Amino acid sequence: MLSYQHLYHAGNLADVHKHALLATTLDYLTRKDKPLTYVETHAGRGLYDLTAPEAVKTGEAAKGIAIAEGWFPATHPYSRALAATRDERGPAAYPGSPLIAGHLLRETDSIHLCELHPQEHAALDYASAPFGAKVYHEDGLAKALSICPPTPRRGMALIDPSYEVKTDYETIPRVVGQLHRKWNVGILYLWYPILREGYHKPMLAELRAIAPEALVHEVRFPPVRDGHRMEGSGMVMINPPYGIEAETKRLTGLFRKLG
């Protein structure tokens, strides 16, 4: 599926949830003076203009990061990545997960980004160039399996599909299981949307069987507009780092205030 473009959804509440957990995790990992590897399977373009017609059309950022930014103090790693991106790219710039990783990781760390959409890949290659990332125009799940276990072995992978292809829900548990076996020390994060149809439920049951020790965190929020099917955001975290549960509890309380 090469039609999905995240620009329509950048900065929405699902991004806030996902990126806050990602930033918190990367911040924890970089406290140790040991290099690490970051792998992302569905990276998108990495950098988004929230004043672009696509973003304005959906209004998701206006009901997402524009509301939630105050939840994060300036010292929070998510806020630091936001500030660094705006300093470099302008006040309307929003960092996707590749740029959040780029701003929080160090020169000694390795970044591997996959994106199959030709235009998104080209934009990602440009946006991530300052961070020395390796950018692949390849299927992200297959590439992750070929990279892992990576060097350095310490690190994490973010799996963040669009789920526009319904078979994703069936394929992903198998791939996550393979990655977990190949890279047993790696931190694996899988994001999923919570849609009113509940497509994620069988997938989540499979993942719990594969990795019963995994931490699962879900938040709910009002649909951004009439007829919008997404009602929440979920993250499966295999081998999550110490302290991430405190952030999940904090985010749960903040999202509950949305009603």
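Structure's up top.
Residues numbered from 1 in each chain as written. Predicted model: local features only at pLDDT ≥ 70, side-chain atom pairs only at ≥ 80, totals over all residues. Heavy atoms only, no water.

Observations concerning the packing of helix H4 (residues 77–89) against helix H5 (residues 97–104)
So, step 1. Direction vectors running N to C along H4 and H5 enclose 95°, while the axes themselves pass 9 Å from each other. Between H4 and H5, the angle is such that the two are roughly perpendicular. Contacts from Pro77, Tyr78, Arg80, Ala81, Ala84, Thr85 and Glu88 of H4 reach H5 at Leu99, Ile100, His103 and Leu104.
So, step 2. Classifying every residue of the contact of H4 with H5 by side-chain character gives seven nonpolar, two polar and two charged. (Axes fitted to C-alpha atoms, helices over the stretch in contact; angles between N-to-C directions. Helix = DSSP H or I, 4+ residues; strand = E, 2+ residues; numbered from the N terminus. Parallel < 35°, antiparallel > 145°, perpendicular 65-115°, else oblique. Contact = heavy atoms within 4.5 Å. Nonpolar A, V, L, I, M, F, W, Y, C, P; charged D, E, K, R; others polar.)

Description of the side chain of His217
So, step 1. By the element assignment, His217 lies in strand S8 (residues 215–220).
So, step 2. A polar contact of 2.9 Å, which involves the side chain of His217, links it to the side chain of His17.
So, step 3. Looking at His217, its side chain comes within polar contact range of the main-chain oxygen of Thr248, at 3.0 Å.
So, step 4. Other than its neighbours up to four places away in sequence, His217 contacts His17, Leu21, Ser233, Gly234, Met235, Met237, Thr248, Leu251 and Thr252. (Polar contact = N/O pair within 3.5 Å; in protein donor to acceptor, adjacent residues only side chain to side chain.)

What to know about the sheet that holds strand S9 (residues 230–238)
So, step 1. Pairing within the open sheet is mixed, and its seven strands lie in the order S5-S4-S1-S6-S7-S9-S8. The open sheet terminates on both sides in strands that have one partner only, identified here as strand S5 (134–136) and S8. Across the sheet, the axes of successive neighbouring strands diverge by a mean angle of 15°, strand direction being ignored.
So, step 2. The strands touched by helix H8 (residues 168–182) are strand S6 (155–159), strand S7 (187–195) and S9; relative to S7, the strand with the most contacts, the crossing angle is about 165°.
So, step 3. Contacts between helix H10 (residues 244–256) and the sheet are confined to S7, S8 and S9, with S8 contributing the most and set at about 15° to the helix. (Pairing = 2+ DSSP bridges.)

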